[in-house]
Amino acid sequence: KTTFAGIEMGSAEFAQEIAGSLRRVEDLLISELSSGEDFLTEAATHLAKAGGKRFRPLFALLSAQFGPQPRADEVITAATVIELIHLATLYHDDVMDEATMRRGAVSANARWGNSVAILAGDFLFARASRLVSTLGPDSVLIIADTFAELVTGQMRETIGTTAGASAVDHYLKVVWEKTAVLISAAGRFGAMTSGADAETTDRLARLGGIVGTAFQVSDDIIDISSASGESGKTPGTDLREGVHTLPVLYALDDPECVRLRELLLTPSGERRPVTDDAEVDEALSLLIASSGMSRARETLADYAEQARAELDVLPDNDAKAAFSSLVRYTVERSG
Ligand code: FPP
Ligand code: MG
Ligand code: MG
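Residues numbered from 1 in each chain as written. Chains lettered and ligands numbered in written order. Predicted model: local features only at pLDDT ≥ 70, side-chain atom pairs only at ≥ 80, totals over all residues.

J.: Explain the nonpolar core to me, please; I cannot follow it from the model alone.
T.: What tends to happen in soluble globular proteins is that the nonpolar side chains get buried as a cluster. Counting 88 residues, the largest nonpolar core has A60, I82, Y91, A120, L124, V211 and A214 as its most contacted members. Sorting elements by how many residues they give to this core places helix α4 (residues 73-96) first, with 13 residues. The residues touching V211, leaving out its near neighbours within four places in the chain, are I183, A307, L326, V327 and T330. (Core = buried A, V, L, I, M, F, W, Y, C linked by C-beta atoms within 7 Å. Buried ≥ 20, exposed ≤ 12 C-beta atoms within 10 Å, placed from the backbone. Helix = DSSP H or I, 4+ residues; strand = E, 2+ residues; numbered from the N terminus. Contact = placed C-beta atoms within 7 Å.)

Now the structure itself:
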């Protein structure tokens, strides 16, 4: 079976068609990021060349299967714009997080310093803006609003929960703004540029938002539940960084999780990074058996159900089957 980014492509013909479109996106991506200045081209193409699943372009390409022109040039342009925006945010995110690695490669900030990384991100945004202008003012507006939401999410995460507000609400808002909104835009953009009707376009935008949120929740579950090495990441990464994801927030809400609160919070109730290996292991075991984990799984199942309800109403085609497999994969990969 051919799969892209965890999505099963029903037939070989369909897989080939999508692979062909993804190659067009790849070519456009690299050509848009190239400039007359070699140092700029090198920094700007660094993350695109480091790899990545191209999940967002793929989501746009599949959404375009619900309009009369799934292979129009505008669809390829739209899918490329979304990836450019995504890559731009990663340059800036790695500066803010002081990350040294991204996609198995050295991050731009670690390689060239913060100034170059920030400027490279800005250059990607400039190229995305230029490219989206060819799609017309409606598209420019969608990207501008999407971009503002990404920034809002990053800002909300940076500021943290305000006193008295629910940490779970804060978490879900950040996930929506930082992750779901861009996948929602991918669905909207793909559908729109293929000439899909307004109702279908709105539906694919909603599907993107739901799938994007579900994907983040399943990532959070995997960070706690996966045995070392299985997911290609070290389990407990979030805990070591003092990041409290959905299963943790739910568990901390449970009066029975006394020892977990001792491990994850300071005596005054502040978040505390867990640095000791034995403490990380203990916290992970407690979490795996906790009500927080089962509640997070229920939340994930709720999102999957919402996604299926949106999918049910779409006409049957290869893309609908691919989306169904994506929803299944998102739930199953987290056990
Ligand atoms: C990764 O999060 C970051 C995002 C999904 C988006 C961040 C948004 C911005 C930086 C907005 C500003 C952008 C620009 C171009 C002005 P993460 O750190 O939780 O995940 P990671 O593990 O992939 O680093
Ligand atoms: Mg980061
Ligand atoms: Mg970050």
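Read on, since the account is not over.
J.: Would you mind showing me how to read the site of ligand 1 here?
T.: Neighbouring ligand 1 are 13 residues, the closest being A88, T89, H92, D93 and Q154. Elements represented by at least two residues in the shell around ligand 1 include exactly α4, α6 (114-133), α7 (137-159) and α8 (167-193). A total of four residues in the shell around ligand 1 trace back to one element, the largest contributor, which is α4. Across the shell around ligand 1, the residue classes break down as five nonpolar, five polar and three charged. (Near = placed C-beta within 6 Å. Nonpolar A, V, L, I, M, F, W, Y, C, P; charged D, E, K, R; others polar.)

J.: Honestly, helix α2 (residues 38-50) in this entry has me stumped. Any pointers?
T.: An α-helix turns once every 3.6 residues. As a result, residues three or four positions apart point the same way. Taking 1.5 Å as the rise per residue, α2 with 13 residues should run 18 Å; its terminal C-alpha atoms sit 17 Å apart, in good agreement. At A44, α2 shows its largest bend, some 35°. Here α2 has its buried residues at A43, A44, T45, H46 and L47. In this structure, the buried side of α2 is in contact with α1 (12-33), α4, β3 (101-102), α5 (108-112) and α6. A positive phi of about 120° marks G51, the residue just after α2. (Expected span 1.5 Å × (residues − 1). Bend = angle between axes of the 7 residues up to and from the residue.)

J.: Would you mind going over the packing of α1 against α2 with me for this structure?
T.: For any two helices packed against each other, one specifies the inter-axial angle together with the distance between the axes. In contact at an axis separation of 9 Å, α1 and α2 are set at 155° when each is read in the N-to-C sense. It follows that α1 is roughly antiparallel to α2 by the angle criterion. Of the two elements, α1 crosses α2, and the hand of that crossing is right-handed. Counted together, L29, I30 and L33 of α1 and T41, A44, T45 and A48 of α2 form the full contact between these two elements. Of the residues belonging to the contact of α1 with α2, the class tally is five nonpolar, two polar and no charged. (Axes fitted to C-alpha atoms, helices over the stretch in contact; angles between N-to-C directions. Parallel < 35°, antiparallel > 145°, perpendicular 65-115°, else oblique. Left-handed = near helix turned anticlockwise from the far one by under 90°.)

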